[in-house]
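# Report on the structure
Residue-level listing of the chains:
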2 protein chains.
Amino acid sequence: MNNERPLILVSNDDGYQAKGINELIRVLMEFGDVVAVAPHTGRSGKGCAITSEVPIKVWKVNEEPGLKVYACTGTPCDCVKVAFESVLDRRPSMVVGGINHGDNSAVNAHYSGTMGVVIEGCMKEVPSVAFSLCSHDADADFSATLPVIRNIVAQVLKNSLPIGSCLNVNFPDSQSYAGVKVCRQACGQWINEWAPLKHPNGSDWYWLTGSFQCKDSDADCDRVALDNNYVTITPTKIDFTDYSLLEELKNWNL
Amino acid sequence: MNNERPLILVSNDDGYQAKGINELIRVLMEFGDVVAVAPHTGRSGKGCAITSEVPIKVWKVNEEPGLKVYACTGTPCDCVKVAFESVLDRRPSMVVGGINHGDNSAVNAHYSGTMGVVIEGCMKEVPSVAFSLCSHDADADFSATLPVIRNIVAQVLKNSLPIGSCLNVNFPDSQSYAGVKVCRQACGQWINEWAPLKHPNGSDWYWLTGSFQCKDSDADCDRVALDNNYVTITPTKIDFTDYSLLEELKNWNL
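Here's what I pulled together on the structure shown here. (Residues numbered from 1 in each chain as written. Chains lettered and ligands numbered in written order. Predicted model: local features only at pLDDT ≥ 70, side-chain atom pairs only at ≥ 80, totals over all residues. Heavy atoms only, no water.)

## So, unusual backbone geometry
Cut-off, in case you're wondering: Think of it this way: any DSSP run of H or I at least four residues long counts as a helix, any run of E at least two long counts as a strand, and we number them from the N terminus.
Look at the link from A:Gly98 to A:Ile99: it is a cis peptide, with omega at -15°. For A:Ile99, the position within the fold is in strand 5 (residues 94-101). Positive phi is not limited to glycine here, since A:Ala106 has a value of about 55°. Mapped onto the elements, A:Ala106 comes out in the loop between strand 5 and helix 3 (108-111). In this structure, B:Glu125 takes a positive phi of about 65° despite not being glycine.

See below:
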C-alpha cells in the first residue's frame, strides 16, 4: 500500500459480506487506502462487547489495489482492537463503522455494534464515525447516503475530531433528505420486548422483539429529526460521567 | 412475596452462582424482596450486548422467603429486559448489578456487563447501581464492601436518582478504605491487547489480554482514586451526547 495516502479502517456489525460495508468501502477508497476487519457473520446488538473467554481468528478474504478485507470471529470491538495491533501496518487516519443496516439513533447507540466500532476507534484516539441507515433490508438502497458520507468523511479528515468524541450518523430510509442536522441523542426506551415461546420440552423461551417508544418531541434530537427526514449527526463521548449528578452526590451522606 | 416491601432486581455478568452476586443478594434482602435474574454462566465483557438472533431461556433455580433466583441464557442486558417483562410481578424500586469480580472503572464501563445491567435498569427509569471489586479472584473477599453497599443502597432508596443516570461503584481490593469518593470516569485505554497463537492447522488466532494505560493523574478520577484506596462512585449518564462538540459541528460545512 501507498504510505502517503491516508489509511482508513472500516468495520461493522453485519459482517464483511453485508451490502452496507461494501458500499462504504467504495466511497472510502476515494480518500485513501482501506483495510476492513469485520465480523465473519452478523454481530448485531453486540454493543461494546469483547471476547474474553475464547480466542478469536482473523483471516484475509479479499485483496485488491488500495484495499484489504479481513474476516474475524470476534465482536465489532474485537475487530478494531485486533486490527490496530495485528493487522494494520500503520496508524489509521480514521475508523469508520457501517453502513449499518438499521437505526442506531437514541438509546440504540448503547446496543449497537456499529457504535462499538467507533467507540473503540475513539478510545484509540483516532477520529471515528459510524454510519447507519434506518432500514434492516439486507438489499437496502444506500445510494442517497453516499454523497453525504463523502462530505462527512472529507470534513473529518480535514477538521479531525476532539480526542474522546466520535460521530454517530443516521440516515432516514429515504431517497431525498430534508437536510443534515447536528443532534443530541433522543430519550426513550424499548417496550414490549419479548415474544414468549415454548420449547417442545415445555421450557420457557423468549425472542427479542419490541418497539421503540420515543419520549422526546424536540426537533433537535436524533430520533425526531430522522422522522422529519433529516440525516442526523449525533456527537458522542466516551466519557459518560454525569457531571451535574457528581456535584449533587457530594451532598449525600456517602 | 410481600408487596409492601421494596422489590430489588439484581443481576451480574459473572453468572448466578458467582460469589459476588450471592454476597450482594444477602445485603439487599435486608432492604426488601429480591429477585435475581442472572446469566447461567459467565458473561464478562458483554457490555450492553443484547441477543437478537436466537431465543433466550429463563428458569428458576432457587426460591426462599423474600428471594427468587432465575438463570438466563442471555446477556446481562437481556436478563434485566426479560425480568421486567416476564419475571417480576411488580415494578422494582432498584436495579443492582454485581458485585462484579473485576474493575469497572474508567473506559472499562463500556465493556462491562455489570454496567450493562444498570444502564438497562436506568433506561427503564429505575434507580440503578453497579458494584464491582477490583479483584478477579472467584473466591475474593467481599466483606469490606458490604457496609459501604448497605449505605449506598439505603441512600439511593431514600434519595432516588435522576432519570437517565445511574451509579458505577468500584471498590479497591483492600480491607480498609481511605474513604468514599465521588469521581468522574478516568481517561485511558487498553494496550498490548492480544496474545497471538497458532492453531494446529496453522491459522492465526488471538487471545484477548492487555493492560490498562491510565492517561489521567487527577485524584478525582475513578481509576486514580481506586489506586489511592478510595471506594469510587462514578455517576453515569445514558445520554452520551457531546454537547460542546455539537455546538462546534454547527460551524462545519455539513
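## Description of the interface of chain A and chain B
Cut-off, in case you're wondering: Residue contacts follow a heavy-atom distance rule, with two residues in contact if any of their heavy atoms lie within 4.5 Å. Here the quantity called buried area is the accessible surface, traced with a 1.4 Å probe, that two parts lose on coming together, added over both. Any Lys or Arg side-chain nitrogen located within 4 Å of an Asp or Glu carboxyl oxygen qualifies as a salt bridge. For this analysis, a polar contact is any N or O atom pair within 3.5 Å, provided that within protein one partner can donate a hydrogen and the other can accept it, and provided that sequence-adjacent residues contribute only side-chain to side-chain pairs.
Taken together, the contact pairs 78 residues of chain A with 78 residues of chain B. For the pair chain A and chain B, the summed buried surface comes to about 7300 Å²; carbon and sulfur atoms form 62% of the total. Taken together, the connections running from chain A to chain B amount to six salt bridges. With its nearest N and O atoms 2.6 Å apart, the salt bridge here joins A:Glu193 to B:Lys124. Counting the contacts that link chain A with chain B gives 42 residue pairs in polar contact (both at pLDDT 80 or more). Ranked by residues supplied to the side of chain A that touches chain B, first place goes to helix 2 (residues 76-87) of chain A with six residues.

## Considering empty space enclosed by the protein
Put simply, the rule reads: Points on a 1 Å grid, built from protein atoms alone, make a cavity when a 1.4 Å probe fits but cannot get out and make a pocket when they are open with protein on both sides within 12 Å along at least 5 of 7 lines; residues with an atom within 4 Å of a point are the lining residues. Grid points are joined across faces, edges and corners, and a volume is the space filled by probe spheres set on the points. For this scheme, ten residues count as nonpolar: Ala, Val, Leu, Ile, Met, Phe, Trp, Tyr, Cys and Pro. Four count as charged, namely Asp, Glu, Lys and Arg, and the remainder, Gly too, count as polar.
Applying the stated rule across the entire model yields one cavity of 30 Å³ or more. Lining the largest cavity are 17 residues; nearest its centre among them are A:Cys48, A:His110, B:Cys48, B:His110 and B:Phe240. Elements represented by at least two residues in the lining of the largest cavity include exactly helix 3 and helix 4 (113-123) of chain A together with helix 3 (108-111) and helix 4 (113-123) of chain B. With three residues, the top contributor of residues to the lining of the largest cavity is helix 4 of chain A. When its residues are assigned to classes, the lining of the largest cavity shows nine nonpolar, eight polar and no charged.

## Some thoughts on the packing of aromatic side chains
Heads up, the rule is: Pairing of aromatic rings covers Phe, Tyr and the six-membered ring of Trp, with a centre-to-centre limit of 6.5 Å; geometry is then stacked below 30 degrees between planes, edge-to-face above 60, and tilted otherwise. For every residue, the accessible area (1.4 Å probe, protein chains only) is compared with the maximum for its type, and the residue is labelled buried under 20%, exposed over 50%, or partly exposed between those bounds. Note on geometry: a ring has a charge over it if NZ (lysine) or CZ (arginine) is within 6 Å of the ring centre and within 35 degrees of the ring normal.
Within this structure, the stated rule accounts for nine aromatic pairs over all chains. Here the aromatic rings of A:Phe240 and B:Phe240 are separated by 6.4 Å at their centres, their planes lie at 15°, and the arrangement is stacked. Of this pair, A:Phe240 sits in the loop between strand 13 (230-237) and helix 7 (243-249) while B:Phe240 sits in the loop between strand 13 (230-237) and helix 7 (243-249), which puts the two residues in different chains. Taken as a pair, A:Phe240 and B:Phe240 share a single burial class, namely buried. Consider the rings of B:Phe171 and B:Tyr177, whose centres lie 5.9 Å apart with planes at 40°: the pair is tilted. A relative accessible area of 19% means that B:Tyr177 is categorised as buried. By way of ring pairs, the aromatic residues A:Phe131, A:Phe171 and A:Tyr177 are connected into one cluster. The cationic tip of A:Lys181 hangs over the ring face of A:Tyr230; the distance from NZ or CZ to the ring centre is 4.6 Å.

## Examining the sheet that holds strand 3 (residues 56-64) of chain B
Remark on secondary structure: sheet strands pair via backbone hydrogen bonds, oriented parallel or antiparallel. Rule in force here: DSSP bridges decide pairing: two strands pair if at least two such bridges lie between them. Inter-axis angles, ranging from 0 to 180 degrees, are taken between N-to-C directions of lines fitted to C-alpha atoms, where helices are fitted over the stretch in contact.
Strands sit in the order 10(A)-11(A)-3(B)-4(B)-2(B)-1(B)-5(B)-6(B)-7(B)-13(B)-8(B) across an open sheet of 11 strands; the sheet is mixed. The outermost strands of the open sheet, each flanked by one partner alone, are strand 10 (194-198) of chain A together with strand 8 (179-182) of chain B. Strand after strand, the sheet turns through a mean of 25° between neighbouring axes, direction not considered. When strand 6 (residues 128-133) of chain B meets strand 7 (residues 165-171) of chain B, the two strands line up parallel, connected through five bridges. Pairing of B:Ser132 across the sheet is with B:Asn170, part of strand 7 of chain B.

## Concerning the pairing of strand 11 (residues 204-208) of chain A
Of the pairings in the sheet, the one linking strand 10 of chain A to strand 11 of chain A comprises five bridges and is antiparallel in character. From the neighbouring strand, A:Lys198 faces strand 11 of chain A, where its bridge partner is A:Asp204. The antiparallel hairpin formed by strand 10 of chain A and strand 11 of chain A contains five residues in its connecting segment, where A:Gly202 sits at a positive phi of about 95°. Where strand 11 of chain A and strand 3 of chain B come together, two bridges link them in antiparallel fashion. Paired with A:Tyr206 across the bridge in strand 3 of chain B is B:Ile56.

## Regarding the sheet that holds strand 11 (residues 204-208) of chain B
Reading across from one edge, 8(A)-13(A)-7(A)-6(A)-5(A)-1(A)-2(A)-4(A)-3(A)-11(B)-10(B) is the order of the 11 strands in this open sheet, with mixed pairing throughout. Edge positions in the sheet fall to strand 8 (179-182) of chain A together with strand 10 (194-198) of chain B, since each of these pairs with one other strand and no more. Across this sheet, the average inter-strand angle for adjacent strands is 25°, counted without regard to direction. As defined by bridge partners, strand 7 (residues 165-171) of chain A adjoins strand 13 of chain A across six bridges and the pair is classed as antiparallel. Counterpart to A:Val169 in the pairing with strand 13 of chain A is A:Ile233. Where helix 1 (residues 19-28) of chain A meets the sheet, its contacts fall on strand 1 (7-11), strand 2 (33-39), strand 3 (56-64), strand 4 (67-72), strand 5 and strand 6 (128-133) of chain A, and the angle it forms with strand 5 of chain A comes to roughly 140°. Across the sheet, helix 2 of chain A lies against strand 1, strand 2, strand 3, strand 4 and strand 5 of chain A together with strand 10 and strand 11 of chain B, angled at about 135° from strand 2 of chain A, the strand it touches most.

## Comments concerning the pattern of salt bridges
A full pass over the atoms with the stated rule returns 38 salt bridges over all chains. Here B:Asp33 makes a salt bridge to B:Arg5, at a shortest N to O gap of 3.6 Å. Placement of B:Asp33 in strand 2 (residues 33-39) and of B:Arg5 in the segment before strand 1 (7-11) is noted, with a sequence separation of 28 residues between them. On the basis of relative accessible area, B:Arg5 is assigned to the partly exposed category, the value being 29%. The salt bridge involving B:Glu63 is made with B:Lys60; its shortest N-O contact spans 2.6 Å. Assessed through its relative accessible area of 42%, B:Lys60 is described here as partly exposed. Among the charged side chains, a network of salt bridges with common partners joins A:Arg5, A:Asp33, A:Asp89 and A:Arg90.

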